[in-house]
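Each chain, letter by letter, is given below.
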Amino acid sequence: MKLLRIGEKGKEKPAVIDDQNNYKDLSSVIEDFNPKTLNFETLKKIKNTDLSKLPTIDSNQRIGACVSKPSKFIGIGLNFKDHAEEQNLPIPKEPIIFSKFTSCISGPNDPIVVPKGSNHTDWEVEIGFVIGKKAINVSIENALDHVLGFFLVNDVSERDFQKNRGLTWDKGKGFDTFGPIGPFIVTTDELPDYQNLDMFLDVNGKRMQTGNTSKMIFDIKTLVSYMSSCMSLHPGDICCTGTPPGVGENMKPPHFLKGGEEVVLGIDKLGTQKHQVVPYKE
């Protein structure tokens, strides 16, 4: 299934895309896609619903973030070998975990706002996943049993705040609009090749990033198992899993977002995002 949230900001409705590519309103079935409903019981409920009897939503409406109010938004750093190499950094021996503040979450086509005073705002196309069942110290073999589905993420990053303004990455990762997710969640049963998907990101029509999820150092099963040994993972928790090479800070000379650019990104079977970049205004 492809699950999404559609409508004006703060008024999004849960929806599912049917076999005819119609957006069907799930409001009569569930309240939203949030930590209360993002679980396998909800998936069974939707599968047992006659979608043809549900109202059809205009697909031209704004698409919102595909997950509402997760308790955690976890990021993984340097998880593509070729990205670590372009940064002249050693290949990590264990996953690098950081947090993106949940207030950074935005829709897949919403504007990206360059933070006040920023000169180092960068892009990162990534595959994300959402937890569907509580996970504590799960094995790699059982890890995917706890993943509800996958989605597209732009892990927007302010490199100066990330690397030069203290000892943690978090403050460079969590500005408002720095977490566009969606357009939809693809449930795990419909994406068996999640670990072999092509990825891309363009800025103003120029290809910046090209990659494939097969190049991840730590695959998604390993990440779920590892994270669950560090913290409990709950339904609705989301994670972005690292980016391929081609980020702005490693270009020669470096290239950062200032405002006025158009950023388009996508992953096979997970859709695309299209953002206008705007400067901060008081």
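Residues numbered from 1 in each chain as written. Predicted model: local features only at pLDDT ≥ 70, side-chain atom pairs only at ≥ 80, totals over all residues. Heavy atoms only, no water.

Participant: Looking at this structure, how should I read the sheet that holds strand S18 (residues 262–267)?
Facilitator: Strand pairing in a sheet relies on backbone hydrogen bonds. The paired strands run either parallel or antiparallel. Pairing is mixed across the open sheet formed by 5 strands, whose spatial order is S8-S19-S18-S15-S16. Each having just a single partner strand, strand S8 (112–114) and strand S16 (206–212) make up the two edges of the open sheet. Taken pair by pair, the neighbouring strands of this sheet meet at an average axis angle of 20 degrees, ignoring direction. Note: S8 against strand S19 (residues 272–279), 3 bridges, orientation parallel. Bridging from a neighbouring strand, valine 113 pairs with valine 278 of S19. (Pairing = 2+ DSSP bridges. Helix = DSSP H or I, 4+ residues; strand = E, 2+ residues; numbered from the N terminus. Axes fitted to C-alpha atoms, helices over the stretch in contact; angles between N-to-C directions.)

Participant: Would you take a moment to explain helix H1 (residues 40–47) for this structure?
Facilitator: Each α-helix winds once per 3.6 residues, and so residues spaced three or four apart point in a common direction. Along H1, the positions that sit buried rather than exposed are Thr42, Leu43 and Ile46. Angularly, the buried residues of H1 cover 100 degrees about the axis, an arc narrow enough to put them on a single face. What points out from H1, more than 90 degrees from its buried face, is the exposed set Glu41, Lys44 and Lys47. In this structure, the buried side of H1 is in contact with strand S1 (2–6), strand S11 (147–154) and strand S14 (185–187). The backbone nitrogen of glutamate 41 lies 3.2 Å from a side-chain oxygen of the residue at the head of H1, namely asparagine 39. (Buried < 20%, exposed > 50% of the residue type's maximum accessible area, 1.4 Å probe, protein only. Arc of directions from axis to C-beta. Contact = heavy atoms within 4.5 Å. Polar contact = N/O pair within 3.5 Å; in protein donor to acceptor, adjacent residues only side chain to side chain.)

Participant: Would you take a moment to explain the sheet that holds strand S10 (residues 125–131) for this structure?
Facilitator: The strand order across the open sheet built from 10 strands is S4-S3-S2-S1-S14-S11-S10-S17-S5-S6, with neighbouring strands paired in mixed fashion. Two strands in the sheet have a free side with no partner beyond their single neighbour: strand S4 (56–57) and strand S6 (96–99). Alignment of strand S5 (residues 73–77) against S6, held across 4 bridges, turns out to be antiparallel. Among the inter-strand pairings, isoleucine 74 is bridged to a residue of S6, identified as serine 99. Helix-sheet contacts for H1 involve S1, S11 and S14, and the interaxial angle to S11 is about 95 degrees.

Participant: Would you mind showing me how to read the state of the cysteines here?
Facilitator: Linking two cysteines covalently through their sulfur atoms gives a disulfide. Counted under the stated rule, the structure contains 0 disulfides. For cysteine 104, which is in no disulfide, the shortest distance to another cysteine sulfur is to cysteine 240 and amounts to 8.3 Å. Cysteine 230 takes part in no disulfide bond, and the closest cysteine sulfur, belonging to cysteine 239, lies 11 Å away. (Disulfide = S-S within 2.5 Å.)

Honestly, it's all geometry; don't read function into it.
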